[in-house]
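Structural description and commentary
Below are the chains, spelled out letter by letter.
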Amino acid sequence: MIVATPTAFLDAFATLAPLLGAPATARGAFLVAPADFSLAAESARDNRYMAMEQSVDPLRALAQHQVLAQALRADVPVIVFPGDAATPDAVFPNNVFGTAPDTLVVGRMRHAVRQREAERPDIRNFFGELLGYDEIDLSGCDNLVAELTGSLVIDRARGIGYCGLSERCDLAGAEAMHQAFGLRLTYAFELAPSEYHTNVVFALLAGRAAILAADGFADPAVPQAIAQAYGNRALWLSPAQKQAYAANAITLSDERVWMSAMAAASLDDEQRAALAGWGFRLGAVDLSEIEKAGGSLRCCVGEIY
């Protein structure tokens, strides 16, 4: 079922108990290392977070990425695939490759510089030949745009997707991802015109709490409905905190929220106390060089279910 209004969402949410045995967080993660790190001018056309006026240091980006991989190994096994200088945005693999149990989903990217990432045989073969996953390939679908878990935030415990519509995902893409990830319910809504991906304005924390930037949604009733669904366990961000990527966070275990050092530094004492009260420790990694490319920690992490 795909719904498009807060009322329809809340009515449907109330009927969907957590799935028996469905994990709220991934069993592993995969990253793609930055190679000769640079900023993709094509992506900057609709990613207003990119710092195109700044220079970048490829070696610093690579060092930060290595620290990230090692830090995340405290929660799950982490695999790092090599980067490719021809695909500078590949450091954000979750937009192109996603998983459901025993299934690899390949996204349909808007920009050609990102469409090239979907062609990588090594990532496809890792999941298909090594892990035995079935593959659902949306990359050749010219009638839709679907940038996977950049546009789609998933409550894995309940089988519910939250899909922000923008230049990076249209309604046909939302419908395709609903089917590909085997979801029971998808709530499709418009992002604010200045936003490109849902995961910079909304994070779901192990299926029991949310981080929300209200100004990232076209309709303010949408984030209010999401917060209500999770018992108002919502961390509300200011525009400055959103810009610091505080919503670009991920839980890879039931007890810890990962975000960048800049994002963590933007939180106030009350917000930190709220996370602790919901049972979450805060993990932070300096990604200041990588963040110049318009994404942060969550964008760097592909989940393995």
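These numbers come from a predicted model, not from an experiment. (Residues numbered from 1 in each chain as written. Predicted model: local features only at pLDDT ≥ 70, side-chain atom pairs only at ≥ 80, totals over all residues. Heavy atoms only, no water.)

Helix and strand counts for the protein chain come out as 11 helices and 15 strands. The C-alpha radius of gyration computed for the protein chain amounts to 17 Å, which stays within 12% of the reference 19 Å derived for 305 residues, consistent with globular compactness. When each of the 305 residues of the protein chain is scored for burial, the buried share is 59%. For the protein chain, the proportion of contacts with a sequence separation of at least 24, taken over those separated by at least 6, is 76%. For the protein chain, the accessible area works out to roughly 11,400 Å², and carbon and sulfur atoms hold 53% of it. Of the side-chain charges in the protein chain, 23 are positive and 36 negative, and the distance between the mean point of each set is 3 Å. (Helix = DSSP H or I, 4+ residues; strand = E, 2+ residues; numbered from the N terminus. Rg over C-alpha atoms; globule rule 2.2 N^0.38 Å. Buried < 20%, exposed > 50% of the residue type's maximum accessible area, 1.4 Å probe, protein only. Contact = heavy atoms within 4.5 Å. Areas by Shrake-Rupley, 256 points an atom, 1.4 Å probe, with all protein chains shown as cover. Lys, Arg positive; Asp, Glu negative; His and termini not counted. Charge placed at Lys NZ, Arg CZ, Asp CG, Glu CD.)

On to the sheet that holds strand E6 (residues 134-137), then. Strand order in the open sheet made by the 3 strands is E4-E5-E6, with mixed pairing throughout. Unpaired on one side and paired on the other, strand E4 (97-100) and E6 mark the two borders of the sheet. Neighbour-to-neighbour, the strand axes of the sheet open up by a mean angle of 25°, direction not taken into account. (Pairing = 2+ DSSP bridges. Axes fitted to C-alpha atoms, helices over the stretch in contact; angles between N-to-C directions.)

The strand order E10-E11-E12 describes an open sheet built from 3 strands, whose pairing is mixed. In this open sheet, the two edge strands, each paired with only one partner strand, are strand E10 (202-205) and strand E12 (234-236). For this sheet the average axis-to-axis angle between neighbouring strands, irrespective of direction, equals 15°. Relative to E12, strand E11 (residues 209-212) is paired through 3 bridges, and the arrangement is parallel. For Ile211, the partnering residue across the bridge sits in E12 and is Leu235. Helix-sheet contacts for helix H7 (residues 221-229) involve E10, E11 and E12, and the interaxial angle to E12 is about 145°.

Moving on to helix H1 (residues 6-13). Listed as buried for H1 are Phe9, Ala12 and Phe13. For H1, the arc enclosing every buried residue in end-on projection is 100°, short of the 170-degree limit, so these residues lie on one face. Set apart from the buried face of H1 by more than 90 degrees, the exposed residues are Thr7 and Asp11. Those residues of H1 hidden inside the fold are in contact with strand E1 (2-3), strand E8 (160-165), strand E9 (185-190) and H7. (Arc of directions from axis to C-beta.)

So, on to the nonpolar core. One finds Phe9, Tyr162, Phe202, Ile211 and Ile226 to be the most contacted residues of the largest nonpolar core, which totals 46 residues. The element contributing the most residues to this core is H7, with 5 residues. If we skip the residues at most four places from it in the chain, Ile211 touches Val201, Phe202, Ala203, Leu205, Leu235, Leu237, Ala246, Ala247, Ala249 and Met259. Grouped together as the second largest cluster of nonpolar side chains are 24 residues, Ala26, Val76, Cys300 and Tyr305 included. (Core = buried A, V, L, I, M, F, W, Y, C linked by side-chain atoms within 4.5 Å.)

The next subject is the packing of aromatic side chains. Counted under the stated rule, the structure contains 13 aromatic pairs. Between the aromatic rings of Phe13 and Tyr230, the centroid separation amounts to 5.2 Å while the plane-to-plane angle is 70°, which identifies the pairing as edge-to-face. Here the residue Phe13 occupies a position in helix H1, and Tyr230 occupies one in the loop between H7 and E12, the gap between them amounting to 217 residues. A single burial state applies to Phe13 and to Tyr230, both of which are buried. Both rings, one in Phe189 and one in Phe217, keep their centres 5.5 Å apart while their planes meet at 45°; by these two values the pair is tilted. Pair noted here: Phe189 is in strand E9 and Phe217 is in the loop between E11 and H7, with a separation of 28 residues, a long-range link. With relative accessibility at 4%, the residue Phe189 sits in the buried group. Under the relative-accessibility criterion, Phe217 is labelled buried at 4%. (Phe/Tyr/Trp six-rings, centres within 6.5 Å; stacked < 30°, edge-to-face > 60°.)

Proximity of charged atoms lets side chains of opposite charge pair with each other. If you walk through the whole model with that rule in mind, you get 15 salt bridges. For Arg60, the salt bridge goes to Asp286, with nearest N and O atoms at 3.8 Å. Within this pair, whereas Arg60 is found in helix H2 (residues 58-72), its partner Asp286 is found in the loop between strand E14 (281-285) and helix H11 (297-300), the two being separated by 226 residues in sequence. Judged by relative accessible area, which is 37%, Asp286 ranks as partly exposed. Here Arg114 and Glu117 are joined by a salt bridge, their closest N and O atoms 2.8 Å apart. (Salt bridge = Lys/Arg side-chain N within 4 Å of Asp/Glu carboxyl O.)

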